[in-house]
Amino acid sequence: MSRVAWYRLAVVAGAIGLLELLCLAGVIDKFTMQAPHLIARDLYRMLVSGRMNTAIGKTLSNTLLALVLALVMGIATGALLHRLRALRDTLDPLFATYYAVPVFAFYPFFIVVFGLGDLPQVLIGFMLGVVAVIVNTLNGLDRVPAVLAKTARIMRLSPVDTALRMTLPSAAPYIVTGVKLAVAYAFIGVIGSEFIMSRGGVGYEISFAYTSFDNATMYPLIVLILLASVVINSALSAWERRLLSRRGKR
Amino acid sequence: MVTVAGDARGFLSLRNVGKVFAARDGRAPLHALGPLDLELERGEFFAVVGPSGCGKSTLLELIAGLTPASEGSLEFEGRPIAGEAPEGIGVVFQDDASLPWLDVADNVAFGLRRANLDGEEKKKRVRDALALVGLSDFATSYPAQLSGGMRQRVCIARTLVMQPELILLDEPFGALDQQTRLLMGDELLRLWRETHATVFLITHALDEAAMLADRIGVMSARPGRLIDVVETRWPRERDSRIIEHPEFGAITARLWKSLRRESMKTIGRGGNPGAQEP
């Protein structure tokens, strides 16, 4: 591990240690927050008991569904728009301002249209993620060297082969950036909408625990979400680094 | 002496070929090339020199089937070249076209994607091509780990693995330093002899053309036409040391004599446009 990584670890450990001290000293009372070691214990018990498995499973599967939809639609739309110059020029400003729109504002509308099931949550996750994938796919395709397109034609690759074997691999580092964003957005979209109006999922359980003063459930769930996003993001970053180091960047 | 293998007729022939790029975005149409006639014999090493912007690369793209001619006819082995890359023609571009996500062996094997070969035969062809360009020890390296000259050799190997009869090279050593270029020239000559392929090389370096080619076509300023064809009469067994030969200076001088006025035009110092050297 590099020296910077150690420092980073020290900062996190220091923050947790400080919280622990403040909680033990009673500066933070136990109705506000439990000491970190208690949260860890409760999290362990919660996972072992399996009482949250349904909620965790629902959140994970909905997030995965939203993510897969965002990736498939995003990459396909990006590849298509890259070829349709006029349409792209029309849509570009909309993409640029897209993230200024609070997608959650549409949630009541989604519920009216799609009902109270999982679909509205998946759609919010998808809507948040898909544009990041489109924008990064376009960016990556813009950077594919012209000589590769010529090479594909010399080798007489079919359009599908050209896309799958030449252009998309060449644009991959940029698309991975889109994937990383989409993972984060899918989590935010799904868990966020579970908070607002849902009958299950980790977001719903946190919200329920909050309204019933159940700190022993709320904090462990928050930590669980934190851990999940950190682990997934680190894994993706490691993959990205491997892709880039092979190409001599970084 | 120029050695010509097989039949001399109908290998590659261009008749009255011209290229005009259509008007776009308020700009006038651009007459880039021609009219131009060219006959290439099987097995020869032909180089083209010309002032920058004279349409050398356009000429190569026409032969490679990457862009259609506006007028005239192109035939490769008796079949017209029309809007599609002809079977049997390989191209090495100036820009690095190695695929950074594949290792060297996979880069070379990429050239065989469309070939209908079994796995063993493919592996053998890749091994042979890597040996030809001297990259056998780098089969598992990635392009980013190689120098510019080695990456260009990867691209050459990827072309050779297809066993093309005609290899088009568009200033393949343009981005390399002078010493490396001379050595790459030696390699190219060796590959040309060992593969019995026909080579069509575009370059802006007069010495490179004089050292490598059997015949050198000199192009005019835009719209590019062939204004001179110089025969070198080098032996087939030759390398970069040929620059010591007294004839080498004479050939380079003749190329420059033909080119000087054309080059001046492109830097805005020319006489009446369209005038040709005798």
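Quick caveat: nothing in here was measured; it's all calculated off a predicted structure.

1. Focus: the overall build of chain A
Broken down by element type, chain A carries 10 helices and zero strands. Starting at the N terminus and walking to the C terminus, you meet the elements of chain A as α-α-α-α-α-α-α-α-α-α. Along the first, second and third principal axes, the C-alpha set of chain A runs to 70 × 55 × 30 Å. Of all 250 residues assigned to chain A, the portion counted as buried reaches 31%. Pairs at least 24 residues apart make up 75% of the contacts formed inside chain A by residues separated by at least 6 positions.

2. Details of the interface of chain A and chain B
Listed by partner, the interface residues are 14 residues for chain A and 14 residues for chain B. Secondary structure elements with two or more residues in the side of chain A that touches chain B: helix 7 (146-154) and helix 8 (159-196) of chain A. Residue contributions to the side of chain A that touches chain B peak at six residues, all from helix 7 of chain A. Here the residues of the side of chain A that touches chain B sort into seven nonpolar, two polar and five charged.

3. Digging into the domain arrangement of chain B
All names here are of chain B. With domains assigned, chain B is organised as domain 1 (12-88 + 164-266) and domain 2 (98-163). For domain 1 and domain 2, the distance between their C-alpha centres works out to 25 Å. Counting from both sides, the interface comprises 12 residues of domain 1 and, opposite them, nine residues of domain 2. Among the elements that take part in the side of domain 1 that touches domain 2, helix 5 (residues 178-195) stands out by supplying six residues, more than any other. Grouping the amino acids of the side of domain 1 that touches domain 2 by side-chain chemistry returns eight nonpolar, two polar and two charged.

4. Describing the confidence of the model for chain B
Residues and elements named next belong to chain B. Summarising the model, chain B shows a mean pLDDT of 86, and 93% of its residues fall at 70 or more. The least confident element of chain B is strand 5 (residues 79-80), whose mean pLDDT is 86; the most confident is strand 8 (residues 198-202), at 95. Contacts for the low-pLDDT stretch residues 1-8, under 50 throughout, to residues beyond four places or in other chains number 20 contacts. Within the model, pLDDT remains below 50 along residues 273-278, and this stretch shows six contacts once partners closer than five positions in the same chain are excluded. What the predictor reports for the complex is a pTM of 0.78 with an ipTM of 0.81.

5. As for the nonpolar core
Counting residues in hydrophobic clusters, the biggest one holds 78 residues, and the most contacted among them are Ile63(B), Val108(B), Ala157(B), Leu168(B) and Leu255(B). Setting aside residues up to four positions removed in sequence, Ile63(B) forms contacts with Leu12(B), Leu74(B), Ile81(B), Leu168(B) and Phe200(B). Counting 42 residues, the second largest nonpolar core, distinct from the first, contains Leu71(A), Leu81(A), Val135(A) and Leu181(A).

6. Comments concerning the domain arrangement of chain A
All names here are of chain A. Under the domain assignment used here, chain A contains domain 1 (1-32) and domain 2 (34-246). A separation of 29 Å is found between the C-alpha centroids of domain 1 and domain 2. Contacts between the two partners involve six residues from domain 1 and, on the opposite side, four residues from domain 2. Split by residue class, the side of domain 1 that touches domain 2 holds four nonpolar, no polar and two charged.

7. Some details on the pairing of strand 10 (residues 226-231) of chain B
The pairing of strand 9 (residues 215-219) of chain B with strand 10 of chain B spans five bridges and is antiparallel. Across the sheet, residue Ile216(B) finds its bridge partner in strand 10 of chain B, namely Val230(B).

8. A word on unusual backbone geometry
Residue Pro223(B) follows Arg222(B) across a cis peptide bond; omega there is -5°. With respect to the element layout, Pro223(B) can be found in the loop between strand 9 and strand 10. Backbone geometry at Arg156(A) places phi at a positive 55°, although glycine is not the residue there. Relative to the elements of secondary structure, Arg156(A) occurs in the loop between helix 7 and helix 8. Of the residues examined, Arg156(A) has 15 C-beta atoms within 10 Å and is grouped as partly exposed. Despite not being glycine, Glu77(B) shows a phi value in the positive range, around 50°. Within the element layout of this structure, Glu77(B) appears in the loop between strand 4 (71-76) and strand 5. For Glu77(B), a count of 16 C-beta atoms within 10 Å corresponds to the partly exposed category.

So, how was this worked out
In this numbering scheme, every chain counts its residues from 1 along its sequence in written order. Going through the entries in the order they are written, you letter the chains from A and number the ligands from 1. Under the rules for a predicted model, residues below a pLDDT of 70 receive no local features and side-chain atom pairs below 80 are neither given nor counted, while totals for whole chains, interfaces and linings still include all residues. Labels follow the DSSP assignment, with helices taken as runs of H or I lasting at least four residues and strands as runs of E lasting at least two, numbered in each case from the N terminus. Buried residues are those with 20 or more other C-beta atoms within 10 Å of their own C-beta, exposed residues have 12 or fewer, and partly exposed residues lie in between; C-beta atoms are placed from the backbone. Residues are scored as being in contact if the C-beta atoms we place from backbone atoms lie within 7 Å. When residues are sorted by character, Ala, Val, Leu, Ile, Met, Phe, Trp, Tyr, Cys and Pro go into the nonpolar class, Asp, Glu, Lys and Arg into the charged class, and all the rest, Gly among them, into the polar class. The domain boundaries here were taken from an automatic or database domain assignment. pLDDT measures the predictor's confidence residue by residue and takes values from 0 up to 100. Here a nonpolar core is just a set of buried residues of the types Ala, Val, Leu, Ile, Met, Phe, Trp, Tyr and Cys, joined wherever their C-beta atoms sit within 7 Å. Pairing between strands is defined by DSSP: at least two bridges between the two strands are required.

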